[in-house]
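Structural overview
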Amino acid sequence: MDWSVVGHEQQKKLFEDAIASGRLAHAYALVGPGGVGKVGIACDIARRVGGQEVLSASVDVLVVIPDEESSGISVETIRQMVRPWVQGKPRVASRKVLVMDQADTLSMEAANALLKILEEPPSQTVFLLVADDAGRLPA
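Throughout what follows, the structure given in this document is the object of discussion. Starting afresh in each chain, residues are numbered from 1 along the sequence in its written order. Totals for whole chains, interfaces and linings use all residues, but because this is a predicted model, local features are given only for residues with pLDDT of at least 70 and pairs of side-chain atoms are given and counted only at 80 or more. Only heavy atoms go into the side-chain values, all of them from the structure, while hydrogens and water stay out.

Quick notes on the overall build of the protein chain
Helix and strand content of the protein chain: four helices and four strands. Ordered by position in the sequence, the α and β elements of the protein chain form the string α-β-α-β-α-β-α-β. Note on method: radius of gyration uses C-alpha positions; expected globular size equals 2.2 Å times residues raised to 0.38. Against the globule reference of 14 Å for 139 residues, the protein chain gives a C-alpha radius of gyration of 14 Å, in line with a compact fold. Each residue gets one of three labels from its accessible area relative to the maximum for its type: buried under 20%, exposed over 50%, partly exposed in between, using a 1.4 Å probe on protein chains only. Out of the 139 residues in the protein chain, the part that is buried amounts to 45%. Contact criterion: two residues are considered in contact whenever any of their non-hydrogen atoms come within 4.5 Å of each other. Pairs at least 24 apart in sequence give 73% of the contacts found in the protein chain among residues at least 6 apart. Approximately 7,800 Å² of the protein chain is accessible, and the part contributed by carbon and sulfur atoms is 50%. Strands here mean DSSP runs of E at least two residues long; helices mean DSSP runs of H or I at least four residues long; both are numbered from the N terminus. Surface exposure here means Shrake-Rupley accessible area, sampled with a 1.4 Å probe, where a residue is shielded only by the protein chains that are shown.

Encoded structure:
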């Protein structure tokens with residue numbers, strides 16, 4: 001697998017092995033300091049699993065970023081964008097991938113709404129939650 005990020009060899013191997021063996025879990029948290037390549041790794045995984053070389057053109061990959069006005073990910077984003085997208089079937093690839101950047105900015109209401117989705121995840125969807133601070137992720 002071609003990676004756009006330098007380093008993180010152990011993490012890359014973990015994902016390569018999981019993808020190759022068909023044992024990719026339904027959700028992962030990629031946590032670490034800002035600027036180390038977490039989003040790049042998440043996008044590389046999404047390209048591979050979502051079946052698209054050009055991430056922006058994939059209907060089977062959804063990237064969620066914090067709302068500009070609230071500086072976080074709102075419950076409306078989860079209810080109006082994430083939930084309907086997750087409920088649909090993949091259209092091109094065999095799996096869909098949701099990349100949530102700055103997942104540690106989820107409001108409590110948004111975290112609870114996301115938790116409901118994660119508790120009964122669709123079998124064909126992989127969630128990649130990217131965060132700088134694990135302590136700010138809801139338990």
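Re the nonpolar core
Generally speaking, nonpolar side chains in soluble globular proteins are found buried as a group. Grouped together as the largest cluster of nonpolar side chains are 20 residues, with contacts concentrated most on Val 64, Ile 78, Val 82, Leu 98, Met 100, Leu 106 and Leu 114. Secondary structure elements with two or more residues in this core: strand S2 (61-64), helix H3 (75-87), strand S3 (96-100), helix H4 (108-119) and strand S4 (125-131). Of the residues forming this core, the biggest block, six residues, is contributed by H4. Once residues lying within four places of it in the same chain are set aside, the contact partners of Val 64 are Ile 73, Thr 77, Val 82, Leu 98, Val 99, Met 100 and Asp 101. By nonpolar core is meant a set of buried Ala, Val, Leu, Ile, Met, Phe, Trp, Tyr and Cys residues that side-chain atoms within 4.5 Å join together.

So, the packing of aromatic side chains
To pair, rings of Phe, Tyr and Trp, with the six-membered ring standing in for Trp, must have centres within 6.5 Å; the planes then decide the type, stacked if under 30 degrees apart, edge-to-face if over 60, and tilted in the middle. Applying the stated criterion across every chain, the model contains one aromatic pair. Taken together, a centroid distance of 4.8 Å and an interplanar angle of 65° make the contact between Phe 15 and Tyr 28 edge-to-face. Of this pair, Phe 15 sits in helix H1 (residues 9-21) while Tyr 28 sits in strand S1 (residues 27-31), and the two are 13 residues apart along the sequence. Classification of Tyr 28 by relative accessible area gives buried; the value is 18%. Residue placement shows Lys 96 over the ring face of Trp 85; its charged tip is 4.1 Å from the ring centre. Geometrically, a charge over a ring is one whose NZ (Lys) or CZ (Arg) sits within 6 Å of the ring centre while staying within 35 degrees of the ring normal.

Topic: the sheet that holds S1
A pair of strands counts as paired when DSSP detects no fewer than two bridges linking them. Across the sheet, which stays open at both edges, the four strands sit in the order S1-S4-S3-S2 with parallel pairing between neighbours. Two strands lie at the open edges of the sheet, namely S1 and S2, each paired on one side alone. Neighbouring strand axes in the sheet, compared pairwise and without regard to direction, differ in orientation by 15° on average. Examined bridge by bridge, S2 and S3 share four bridges and lie parallel to one another. As a rule, the C-alpha atoms of each element are fitted with a line to give its axis, helices using only the stretch in contact, and angles between N-to-C directions run from 0 to 180 degrees.

Things to note about unusual backbone geometry
Its identity as a non-glycine residue notwithstanding, His 8 has a phi of 60°, on the positive side. Inspection of the secondary structure assignment puts His 8 in the segment before H1. A positive phi is found at Gln 102, a non-glycine position, where the angle reads about 60°. Mapped onto the elements, Gln 102 comes out in the loop between S3 and H4. A relative accessible area of 36% places Gln 102 in the partly exposed class.

Quick word on the pairing of S1
Residues Tyr 28 and Leu 30 point to one face of S1 and are all buried, whereas Ala 27, Ala 29 and Val 31, pointing to the other face, are not buried. As paired strands, S1 and S4 are joined by five bridges and run parallel to one another. Its bridge partner being in S4, Leu 30 is matched across the sheet by Val 130.

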